[in-house]
Amino acid sequence: MNLILLKENDFTSPGRVTIRGRRFTHIQTVHRAAVGDQLTAGLINNKMGTATVTHLTPSSIEMDVTLDQDPPPALDLTLVMALPRPKMLKRILQTVTSLGVKRIYLVNTWRVEKGFWSSPVLEQESLEEHITLGLEQAKDTIMPQVFLRRLFTPFVKEELETLSRDTLKLVAHPKGGRVCPCHPGQPITLAMGPEGGFIDREVETFERLGFENVSLGERILRLETAVPVLISRLFT
Ligand code: SAM
């Protein structure tokens, strides 16, 4: 936890917070914070800055906070991802959040296992838990938005064209296509397939909307590996 992510209800008065639970335990056992120590803190969807420890009890910590810095810039990327298996989704959410992705569409495709849609990981509280870990890791405060789209065709017909307008549209597909460009320097919409990959008809649908089929070479990577590799290639 490189940043203590604060919620409005942590504030006991303006500029003063009391923290309990998971964050308290982490501050106590990992940071080993003592009165007078300064930590990095930030308010969800707001500014970040410093927190100075003023009081410790066996179950809580009180800190004075000064939040006067902007969080780091977000990536201008919309990630459209076939819903991965729940365990992998947890890791991917943390990873892409720490990389600065702020718009994530989880969509159904032909090869997504239907049972994944009833996973508790998709509940709002759980999504926020994994996103929070990514923000705390990367020192960021802006929560990404996660949109669940259980039907591929209506999503593509009614939303994808609009949300990808004026962006570079890419669909990551190991078969064919050109090698993924490096840092094209423009807003991007990136579509990623499920474990079994996109079926041809889905790739053609993306192509009809102006998506270009791009590859990272002949090695087939797990989705959780392909996503950060592509993001790093496209934005650094
Ligand atoms: N057997 C599937 C196929 O051939 O499409 C593999 C799917 S892979 C496990 C999951 C997703 O990661 C793919 O749909 C694609 O979006 C992305 N991916 C994995 N390796 C890739 C590569 N070498 N080039 C581009 N995308 C890749």
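Conventions and cut-offs
- Residues numbered from 1 in each chain as written.
- Predicted model: local features only at pLDDT ≥ 70, side-chain atom pairs only at ≥ 80, totals over all residues.
- Heavy atoms only, no water.
- Helix = DSSP H or I, 4+ residues; strand = E, 2+ residues; numbered from the N terminus.
- Buried < 20%, exposed > 50% of the residue type's maximum accessible area, 1.4 Å probe, protein only.
- Contact = heavy atoms within 4.5 Å.
- Areas by Shrake-Rupley, 256 points an atom, 1.4 Å probe, with all protein chains shown as cover.
- Lys, Arg positive; Asp, Glu negative; His and termini not counted.
- Charge placed at Lys NZ, Arg CZ, Asp CG, Glu CD.
- Patch = residues over 30% accessible without salt bridge, like charges linked within 9 Å, V, L, I, M, F, W, Y side chains within 5 Å.
- Salt bridge = Lys/Arg side-chain N within 4 Å of Asp/Glu carboxyl O.
- Domains from an automatic or database assignment.
- Buried area = accessible area lost by both parts, 1.4 Å probe.
- Polar contact = N/O pair within 3.5 Å; in protein donor to acceptor, adjacent residues only side chain to side chain.
- Nonpolar A, V, L, I, M, F, W, Y, C, P; charged D, E, K, R; others polar.
- Phe/Tyr/Trp six-rings, centres within 6.5 Å; stacked < 30°, edge-to-face > 60°.
- Disulfide = S-S within 2.5 Å.

Overview of the overall build of the chain
- The helix and strand tally for the chain stands at six helices and 13 strands.
- Overall size of the chain, expressed as C-alpha extent along the three principal axes, is 60 × 40 × 35 Å.
- Residues counted as buried form 47% of the 236 residues belonging to the chain.
- Summarising the internal contacts of the chain: among those between residues at least 6 apart in sequence, 69% fall at separations of at least 24.
- Total accessible area computed for the chain in this model is approximately 12,000 Å², and 49% of it derives from carbon and sulfur atoms.
- Where the 28 positive side-chain charges of the chain centre and where its 27 negative ones centre are 4 Å apart.

Things to note about a nonpolar patch on the surface
- On the surface, Leu216, Leu221 and Val229 cluster together into a nonpolar patch covering about 190 Å² of accessible area.
- Examined against the element boundaries, Val229 turns out to sit in helix H6 (residues 223–235).

Thoughts on the domain arrangement of the chain
- Its domain assignment divides the chain into domain 1 (4–69) and domain 2 (77–235).
- Distance between the C-alpha centres of domain 1 and domain 2: 33 Å.
- Of the residues lining the interface, eleven residues belong to domain 1; the matching set on domain 2 comes to nine residues.
- For the domain 1 and domain 2 pair, buried surface summed over both sides reaches about 740 Å², with 61% attributable to carbon and sulfur atoms.
- For the domain 1 face of the interface with domain 2, the top three residues by lost area are Leu5, Arg22 and Asn45, together amounting to 60%.
- Taken together, domain 1 and domain 2 are joined by one salt bridge.
- Between Arg22 and Glu136 there is a salt bridge, with the nearest N and O atoms lying 2.7 Å from each other.
- Where domain 1 packs against domain 2, one counts four residue pairs in polar contact (both at pLDDT 80 or more).
- Looking at the side of domain 1 that touches domain 2, the elements with two or more residues in it are helix H1 (21–31) and strand E4 (38–43).
- Looking at which element gives the most residues to the side of domain 1 that touches domain 2, the answer is E4, with three residues.
- The residue inventory of the side of domain 1 that touches domain 2, partitioned by class, reads four nonpolar, four polar and three charged.

Observations regarding unusual backbone geometry
- Of note, the phi angle at Lys139 is positive, near 60 degrees, even though the residue is not glycine.
- Checked against the element boundaries, Lys139 lands in the loop between helix H3 (124–138) and strand E9 (145–149).
- Look at Lys139 and you get partly exposed, because its relative accessible area is 36%.
- Here Asp166, not a glycine, exhibits a phi torsion of approximately 60 degrees, which is positive.
- Of note, Asp166 is situated in the loop between helix H4 (152–163) and strand E10 (168–172).

Overview of the packing of aromatic side chains
- Counted by the stated rule, this structure contains five aromatic pairs.
- Considering the side-chain rings of Tyr105 and Phe147, the 4.5 Å spacing of their centres and the 20 degrees angle between planes classify their relative orientation as stacked. In this pair, Tyr105 is assigned in strand E8 (residues 103–107) and Phe147 in strand E9, connecting sequence segments 42 residues apart.
- A relative accessible area of 8% means that Tyr105 is categorised as buried.
- Each ring, one from Tyr105 and one from Phe155, has its centre 5.5 Å from the other, and the planes form 35 degrees; the classification is tilted. Remark: Phe155 occurs in helix H4 and Tyr105 occurs in strand E8; sequence separation between them is 50 residues. The pair formed by Tyr105 and Phe155 is uniform in burial state, with each residue classed as buried.
- Counting every residue linked through ring pairs, the aromatic cluster contains Phe152, Phe198, Phe206 and Phe211.

Topic: the state of the cysteines
- Counted by the stated rule, this structure contains zero disulfides.
- With no disulfide of its own, Cys180 lies 7.0 Å from the sulfur of Cys182, the closest cysteine sulfur.

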